[in-house]
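Architecture at a glance
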Amino acid sequence: MDRHIVEKIAAIVGDEFVSTREDILLTYSVSASTSYEPVMPGAIVRPADTQQVSQVIKIANEYKIPVTPRSGGSSLQGEVIPIEGGLVIDLLRLDTIELYQDLRSVSVGAGINFGALDKYLNKHDLWVPVYPGSSLTASIAGNVAVNGSGFGSSRFGCIAELVLGLEVVLPNGEVIQTGSEANPNAPGPFLRYAFGPDLTGLFIGSLGEFGIITKVSLKIFKRMHYFDFNTYGFQTPQDAEKYILEAKENDVSMVWIAIYEGRILDFFLDMVGEEYGVPKHDWPPITVSVVIGRVREEQLESDILVAKQICEQVGGHVIGVRELPQNEWNDRMREFVRSSYVHGWHWRILYHHQTISQWHRTLEELWSVFDKFGILGHTAGFQSDHASYNYYPQLYYDPQDEEEENRVRAAHKELSTRIFKTGAVPFKLAPYWVDGISEMEPYFDFLRDLKQAIDPGNIMNPGKIPLIDPEG
Ligand SMILES: Cc1cc2nc3c(=O)[nH]c(=O)nc-3n(C[C@H](O)[C@H](O)[C@H](O)COP(=O)(O)OP(=O)(O)OC[C@H]3O[C@@H](n4cnc5c(N)ncnc54)[C@H](O)[C@@H]3O)c2cc1C
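Here the residue numbering is sequential within each chain, running from 1 through the sequence in written order. Where local features are concerned, this predicted model is filtered to residues with pLDDT of at least 70; where side-chain atom pairs are given and counted, the filter is 80 or more; whole-chain, interface and lining totals use all residues.

Within the chain, the regular secondary structure consists of 15 helices and 21 strands. Classification of the 472 residues of the chain by burial places 47% in the buried group. Once local pairs closer than 6 in sequence are excluded, the contacts in the chain between residues at least 24 apart make up 72%. Strands here mean DSSP runs of E at least two residues long; helices mean DSSP runs of H or I at least four residues long; both are numbered from the N terminus. With C-beta atoms placed from the backbone, a residue is labelled by how many other C-beta atoms lie within 10 Å of its own: buried for 20 or more, exposed for 12 or fewer, partly exposed between the two. What counts as a contact here is a pair of residues whose C-beta atoms, placed from the backbone, lie within 7 Å.

With that settled, consider the packing of helix α13 (residues 359–373) against helix α14 (residues 402–421). Fitted lines through C-alpha atoms give the axes, limited to the stretch in contact for helices. The angle between two N-to-C directions lies from 0 to 180 degrees. The geometry of α13 relative to α14 is characterised by a closest axis approach of 10 Å and an angle of 155 degrees between their N-to-C directions. The pairing of α13 with α14 is recorded here as roughly antiparallel in orientation. Crossing angle aside, the handedness with which α13 passes α14 is right-handed. Within the contact between the two elements, α13 uses Thr362, Glu365, Leu366, Val369 and Phe373 and α14 uses Arg407, Ala410, Ala411, Glu414, Leu415, Arg418 and Ile419. Of the residues in the contact of α13 with α14, the class split is 7 nonpolar, 1 polar and 4 charged. Each angle receives one of four descriptions, namely roughly parallel if under 35 degrees, roughly antiparallel if over 145, roughly perpendicular if within 65 to 115, and oblique otherwise. If you view the pair so one helix is near and one far, a crossing is left-handed when the near helix is turned anticlockwise from the far one by less than a right angle, and right-handed when it is turned clockwise. Three classes are used: nonpolar for Ala, Val, Leu, Ile, Met, Phe, Trp, Tyr, Cys and Pro, charged for Asp, Glu, Lys and Arg, and polar for all others, with Gly counted as polar.

With that out of the way, let us pick up the sheet that holds strand β17 (residues 352–355). Paired strands, as defined in this entry, are two strands with at least two bridges between them according to DSSP. Reading across from one edge, β17-β20-β19 is the order of the 3 strands in this open sheet, with antiparallel pairing throughout. Among the strands making up the open sheet, the edge pair consists of β17 and β19 (381–383). Along the sheet, successive strands turn relative to each other by an average axial angle of 25 degrees, direction set aside. The sheet contact formed by β17 and strand β20 (residues 388–391) spans 4 bridges and is antiparallel. Residue Gln354 lies in a different strand from β20, and its bridge partner there is Tyr389.

Glancing now at the domain arrangement of the chain. Where each domain begins and ends follows an automated or database-derived domain assignment. Looking at the chain, the domain boundaries give domain 1 (3–90), domain 2 (97–222), domain 3 (226–338) and domain 4 (343–432). The C-alpha-based centres of domain 3 and domain 4 are spaced at 22 Å. Of the residues lining the interface, 13 residues belong to domain 3; the matching set on domain 4 comes to 11 residues. Breaking the side of domain 3 that touches domain 4 down by element, the ones donating at least two residues are α8 (237–249), β13 (254–261) and α9 (262–272). The residue inventory of the side of domain 3 that touches domain 4, partitioned by class, reads 10 nonpolar, 1 polar and 2 charged.

Moving on to the pairing of strand β3 (residues 67–70). Both faces of β3 are covered, namely the face carrying Val67 and Pro69 and the face carrying Thr68 and Arg70. Pairing analysis gives 4 bridges linking β3 to strand β4 (residues 87–90), with the strands arranged parallel. From the neighbouring strand, Arg70 faces β4, where its bridge partner is Asp90.

Locating Ile257 in the fold gives a position in strand β13. When the 27 C-beta atoms within 10 Å are taken as the criterion, Ile257 is described as buried. Sequence-wise, Ile257 and Phe382 are 125 residues apart; in three dimensions their C-alpha atoms are separated by 5.6 Å. Sequence-distant contacts of Ile257, defined by excluding residues within four places in its chain, comprise Ser154, Ile244, Val288, Val290, Phe382 and Gln383.

The next point concerns the packing of helix α1 (residues 3–13) against helix α3 (residues 50–63). How two helices sit against one another is set out by the angle between their axes and by the gap between those axes. Look at α1 against α3: their axes get within 9 Å of each other, and the N-to-C directions meet at 165 degrees. Taken together, the axis directions place α1 and α3 in an arrangement best described as roughly antiparallel. The way α1 lies across α3 gives a crossing that is right-handed. Here Ile5, Lys8, Ile9, Ile12 and Val13 of α1 come into contact with α3, specifically with Gln52, Gln55, Val56, Ile59 and Tyr63.

Whether a residue is near a molecule or strand depends on its C-beta atom, placed from the backbone, lying within 6 Å of it. Looking at the ligand, there are 35 residues lining it, with Gly72, Pro132, Gly142, Gly148 and Gly208 nearest. Ranked by residues supplied to the shell around the ligand, first place goes to helix α5 (residues 140–146) with 5 residues. Tallied by class, residues from the shell around the ligand come to 15 nonpolar, 18 polar and 2 charged. Summarising the domain contributions, the shell around the ligand has at least three residues from each of domain 1 (3–90) and domain 2 (97–222).

Let us now look at α13. Compared with an ideal rise of 1.5 Å per residue, which puts 15 residues at 21 Å, α13 spans 22 Å between its outermost C-alpha atoms and is within 8% of the ideal. Buried residues belonging to α13 abut α8, β13, β17, β18 (377–378), β20 and α14. At the exit of α13 stands Gly374, carrying a positive phi of roughly 60 degrees. A helix is expected to span 1.5 Å for every residue after the first.

Attention shifts here to the sheet that holds strand β16 (residues 346–349). Strand order in the open sheet formed by 3 strands is β16-β21-β18, with antiparallel pairing between adjacent strands. The outermost strands of the open sheet, each flanked by one partner alone, are β16 and β18. Sheet topology note: the β16/strand β21 (residues 394–397) ladder contains 4 bridges and is antiparallel. What sits directly across from Ile349, in β21, is Gln394.

What follows covers the environment of Thr96. Tracing the sequence through the fold places Thr96 in the loop between β4 and β5 (97–100). For Thr96, the residues in contact, after removing those within four places along its chain, are Val108 and Gly109.

Spelled out as C-alpha cells, the structure:
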C-alpha cells in the first residue's frame, strides 16, 4: 500500500497499530477456513475505538481502498480473507463491556469474544444463551456479521434473535446507532424495532458489506443451573423430526438438540468417544442428543417427563447415554471440532438452515452427492431456531490431492443447488450459493441497489453479494 496512505492511517491510530510487515500481513491473509487460498492484504490497522474506525474508513473511501473488517478471524468459509492489497481493520482493541442489568441487556465492543463475555456475565449469574463452538475466538460482532448460532440456539434462536441494536461505521465513515439507543437519551438498549424499519437487520449476516459493526447490544438472561442430558433413539429421521417438533410445541426447554445418524456417531466417537467417556453403544439409525435447561428445578423435572412421553408416543425410546450431550454442552462441542481437524484433512462446508420437518431431505441430498462424487463427508448441525435446523455438512479432501479437491468443489457446488431446491436457506450472504439461487434475481438486485446507495465506491468487503447470471 502506498506509503503516504499508511502514514495518514498511522497519524490516526499511532505507528504501532498499523503494519505493512510481511510476516504480519501473512497472518491476516488466512482465517480458520482450510479450503481457501491465502490473499495478502496491503496493510493492517488496529484502531482503538469507533472514532478511529470512522477516520480510517474515511481515508479508505478517499483512496478507494477495499476494506475487510476482521474480529476473531474464525469464520470457516473464507468470509474474512482480505482483498489483495486492501486494508484489514482488526477490531480486537474495541473491548468494552457495559451491563444494563435493569434493561436485561449488555453492549459489547466489536473485539469482545463469547468466552470473555460469558466470564463477565457469569459473575452476575447471567448469560447470553448462544455460545458457538469457537467461542474463545469468535467475537460477538463477527458472529452478528455472519448471523451465527451455537449452544442455546436450539431454544433461543440464532444470534440475530438476541440483538437489540448495533453501532455501525458506514462506508462513508459516518457512525449510526440502531434500535432504542438511536435515541441519544435512551438509558441503554431495550428495544430493537424502534423508529420504523429494522436497520439493525441490514447488518446482520452481511459479512461487513454495509458497514463495520463497532458495538453490539444484546439481550441477556438469568443463567440456567438445572440441566438434564439424554439421548433418544428413533428408527427413522421422520420420527426424530416429529419428536423435536412435539417437544417444541410443548415448550420443553431444549437448549441443545442435535440429530445424528448411527454411522455418523460411530465416525465421531471412534475418534473421541473414549476420551470423552461416552460408553460404547449400538446406536439406533437416528439418535437425538438433547440438553434440557431451566432456571428452576421443578420446571426441569416436568420437562424431563414430557420429553420422555413424547419420545415414546412417536415410537422412539430413551437411550440413556448421557455423556454425549453432557460433553457436547460442557465442552461446547470441542470434541467434534477437533475431529474435523484431527487428520489434517481440509474441508468445504455448506452451512444452511433446513426446516426441522425436512431434516431428512438434506440428508438424502447429502448422501446422494457424496456417493455420486465418491467423497468422504458427514452431516453435523443442531436445532437453532423456532422450526429450523442449522446444518453444516462437511466435505473432506486431502489437500495434496488436486483431483480430489476438484471433486469436492464440484460436489459442494452441486449440493448448494440441490439443497436450495429443497427450500433451505443460508443464514448470511453466501456467494457459494450462487449456482443455486438463480430464482432470486429480484431479491439480489435489490440488495445490490442498497449496496450501491450505501457504498458507491464498493470499498466494504466487496464481492460478498452473489452475482446471479441470468442465463443460469
Ligand atoms: C472450531 C470452530 C467452531 C465453530 N463453531 C461455530 C458455531 O458453533 N457457531 C457459529 O455460528 N460459528 C461457528 N464457527 C464459525 C465462526 O467462529 C463464527 O462464524 C464466528 O462468529 C465468526 O466471528 P469472528 O469474530 O471470528 O469473525 P471473523 O472471522 O473475523 O469475520 C467473519 C465475517 O464477518 C466480518 N466481520 C467481522 N467483524 C466484523 C465487524 N465488526 N463488522 C462487520 N463485519 C465484520 C468479516 O469481514 C467476515 O466477513 C466455528 C469456527 C471454528 C473455527
